[in-house]
Amino acid sequence: LAADLALGDGQKGVRDDFNYAFDVTTSNTGDIDCNGRYANNTLELNAKAKQLSVNKLIDYDEIGTLNAEATVKTDFTTTDLDCNITDLVFKGYKYSSLNLSGTVAKKGNNLDGDLCVVANDANLKGTINNNIHISNSCIDDMKVNASIEHIVPQRLSLTDAWGNASFAFNADADIKGQS
């Protein structure tokens, strides 16, 4: 673990502006480079995962290695995420060109969020948009819109049920919950 921290010109004992960077490298789980900045009550984190063995971190053999770059930015009320996944191995298939982006906003005890997943893989191309409202730790409302232009489940090692068939579909779901 290597780390570098640069503090700004805050008052003694108060740091309102600082930069940081660290690198985590292990012999059997991969490498993560991180850097970021805290300034004007906003924290930004940039992370790059290289050959990260996710299966060894979470003990789930279906997931393999991950190569990705992500940025998270928060003012501790609203958090934005942008993650470009260069490749991710799942069930032996190496997915490429995936993007996750979204925003979550805290309003009292409630959370409102939007998440978008875009796939531009040779065997999976499409977009999934999700809007969610959570209050008192319960999902009150979740809307999901999926537009899949192209999916070949057999090549993705998901099922052999349809041979080498390719599918396309649109789906909308509106899920309500209460406790």
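The structure this text deals with has already been given above.
No experiment lies behind these values; they were computed from the predicted model shown.

**Thoughts on the overall build of the protein**
A tally of regular secondary structure across the protein gives one helix and eleven strands. Scanning the protein from its N terminus toward the C terminus, one meets helices and strands in the order β-β-β-β-α-β-β-β-β-β-β-β. Within the protein, the proportion of its 179 residues that are buried is 26%. For the protein, the accessible area works out to roughly 11200 Å², and carbon and sulfur atoms hold 53% of it. Charged side chains of the protein number 15 positive and 25 negative; the gap between the two group centres comes to 2 Å.

**Comments concerning the side chain of D31**
In this structure, D31 sits in strand β3 (residues 30-39). We classify D31 as buried; its relative accessible area is 12%. The residues touching D31, leaving out its near neighbours within four places in the chain, are D23, V24, T25, K48, A49 and K50.

**Some details on the pattern of salt bridges**
Following the criterion strictly, the structure yields eight salt bridges and no others. For K50, the salt bridge identified is with D33, shortest N-O distance 2.7 Å. Placement of the pair is K50 in strand β4 (residues 42-53) and D33 in strand β3, with a sequence separation of 17 residues. Judged by its relative accessible area of 32%, K50 falls in the partly exposed class. Look at D33 and you get partly exposed, because its relative accessible area is 25%. The shortest N-O distance in the salt bridge between K176 and D174 comes to 3.9 Å. Among the residues examined, K176 registers a relative accessible area of 59% and is labelled exposed.

**Side note on the nonpolar core**
Counting residues in each nonpolar core, the largest one holds 17 residues, and the members touching the most others are L66, I85, Y95, L124 and L156. Counting residues per element, the ones that place at least two in this core are β4, β5 (63-74), β6 (78-90), β7 (93-107) and β10 (138-151). Tallying contributions element by element places β5 first for this core, with four residues. Those residues within four positions of L124 in sequence are excluded, and the remaining contacts are Y95, A119, I148, H150, I151 and L156.

**Looking at the packing of aromatic side chains**
The tally for this structure, following the rule as stated, stands at three aromatic pairs. Aromatic pair Y38 and F76: ring centres 6.5 Å apart, planes at 50°, arrangement tilted. Placement of the pair is Y38 in strand β3 and F76 in the loop between β5 and β6, with a sequence separation of 38 residues. In this structure F76 comes out as exposed when scored by relative accessible area, which is 51%. With centroids separated by 5.3 Å and ring planes inclined at 75°, the aromatic side chains of W162 and F167 adopt a geometry described as edge-to-face. Using a relative accessible area of 53% as the deciding quantity, one classes W162 as exposed.

**A look at a nonpolar patch on the surface**
Side chains of L57, I58 and Y60 sit close together on the surface and give an oily, nonpolar patch of about 300 Å² of accessible area. One can find L57 in helix α1 (residues 54-58).

**Some thoughts on the pairing of β10**
Where strand β9 (residues 124-135) and β10 come together, twelve bridges link them in antiparallel fashion. Note that in β10 the partner of I134 across the bridge is I139. With nine bridges connecting them, β10 and strand β11 (residues 167-176) associate as antiparallel partners. Each residue of the ladder has a partner; that of V144, found in β11, is A173.

Rules behind the numbers
Residues numbered from 1 in each chain as written. Predicted model: local features only at pLDDT ≥ 70, side-chain atom pairs only at ≥ 80, totals over all residues. Heavy atoms only, no water. Helix = DSSP H or I, 4+ residues; strand = E, 2+ residues; numbered from the N terminus. Buried < 20%, exposed > 50% of the residue type's maximum accessible area, 1.4 Å probe, protein only. Areas by Shrake-Rupley, 256 points an atom, 1.4 Å probe, with all protein chains shown as cover. Lys, Arg positive; Asp, Glu negative; His and termini not counted. Charge placed at Lys NZ, Arg CZ, Asp CG, Glu CD. Contact = heavy atoms within 4.5 Å. Salt bridge = Lys/Arg side-chain N within 4 Å of Asp/Glu carboxyl O. Core = buried A, V, L, I, M, F, W, Y, C linked by side-chain atoms within 4.5 Å. Phe/Tyr/Trp six-rings, centres within 6.5 Å; stacked < 30°, edge-to-face > 60°. Patch = residues over 30% accessible without salt bridge, like charges linked within 9 Å, V, L, I, M, F, W, Y side chains within 5 Å. Pairing = 2+ DSSP bridges.

What is shown is where atoms sit, not what they do.
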